[in-house]
Every structure is written in C-alpha cells, then in structure tokens.
Amino acid sequence: MVQITMKELVDHFTEHGQVDKGEEGRAYSTRDRCESGLNCWILPRWGKTAIDRIRTVAVEEWLGSIPGANGTKSKIRKHYERAL
C-alpha cells in the first residue's frame, strides 16, 4: 500500500486547488497566503509524515506549542484543513 505524505498532498492541492480560476476561483492574495502558511508552518512539521499517521490530537498539541496569537493559530489550522 502506498502511503501519501503531507508534502505530496500539499503539492497536489497547490497544483489543482490553488489554480487561478478567474471569477470562480480564489483571489491571488488568498492563494498566496495559503501557500505561505503551508510552506512556513505545515510542511516543516508535517511534510514527511504519512497522512494516515497524523492525528487530530497531535496537531492540536503542536498548534498549542507554537508561539503566536490564537488568531494566527486559527489561520494555520485553516491552511492545514484546506490541504486535507
């Protein structure tokens, strides 16, 4: 069985979900912010981890351990959820 890593999932999302679809798609600034959040926060911690090995409890503990305001952590959580 092939295990998909978070990096592979993010790459797929970036290629297919972040495509400029004009009026029907996300704005450039939204795509840029999402890509930045994924590259700065999600991939360094979870990039090599197989998707089936990532647990909600571990993600919540990780979010609680990083510095920053609750609003920042909420945005990081949204980037994570979009990729999944």
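For clarity, every value in this text was computed on a predicted model and none was experimentally measured.

Some points on the pattern of salt bridges
Argument step 1. Applying the stated criterion across every chain, the model contains two salt bridges.
Argument step 2. We note a salt bridge from K7 to D11, for which the minimum N-O separation is 3.0 Å. Here the residue K7 and the residue D11 both occupy positions in helix α1 (residues 6-17), the gap between them amounting to four residues, near one helical turn.
Argument step 3. We classify K7 as partly exposed; its relative accessible area is 39%.
Argument step 4. Judged by its relative accessible area of 37%, D11 falls in the partly exposed class.

Focus: the packing of aromatic side chains
Argument step 1. Taken as a whole and judged by the stated rule, the model has one aromatic pair.
Argument step 2. Note on W46 and W62: the rings are 5.9 Å apart at their centroids and 90 degrees apart in plane angle, and the pair reads as edge-to-face. Of this pair, W46 sits in helix α2 (residues 28-46) while W62 is found in helix α3 (residues 56-65), placing the two residues 16 residues apart along the sequence. A single burial state applies to W46 and to W62, both of which are buried.
Argument step 3. Geometry around W46 places R45 over its ring, the cationic atom sitting 3.8 Å from the centre.

Calculation notes
Residues numbered from 1 in each chain as written. Predicted model: local features only at pLDDT ≥ 70, side-chain atom pairs only at ≥ 80, totals over all residues. Heavy atoms only, no water. Salt bridge = Lys/Arg side-chain N within 4 Å of Asp/Glu carboxyl O. Helix = DSSP H or I, 4+ residues; strand = E, 2+ residues; numbered from the N terminus. Buried < 20%, exposed > 50% of the residue type's maximum accessible area, 1.4 Å probe, protein only. Phe/Tyr/Trp six-rings, centres within 6.5 Å; stacked < 30°, edge-to-face > 60°. Lys NZ or Arg CZ within 6 Å of the ring centre and 35° of its normal.

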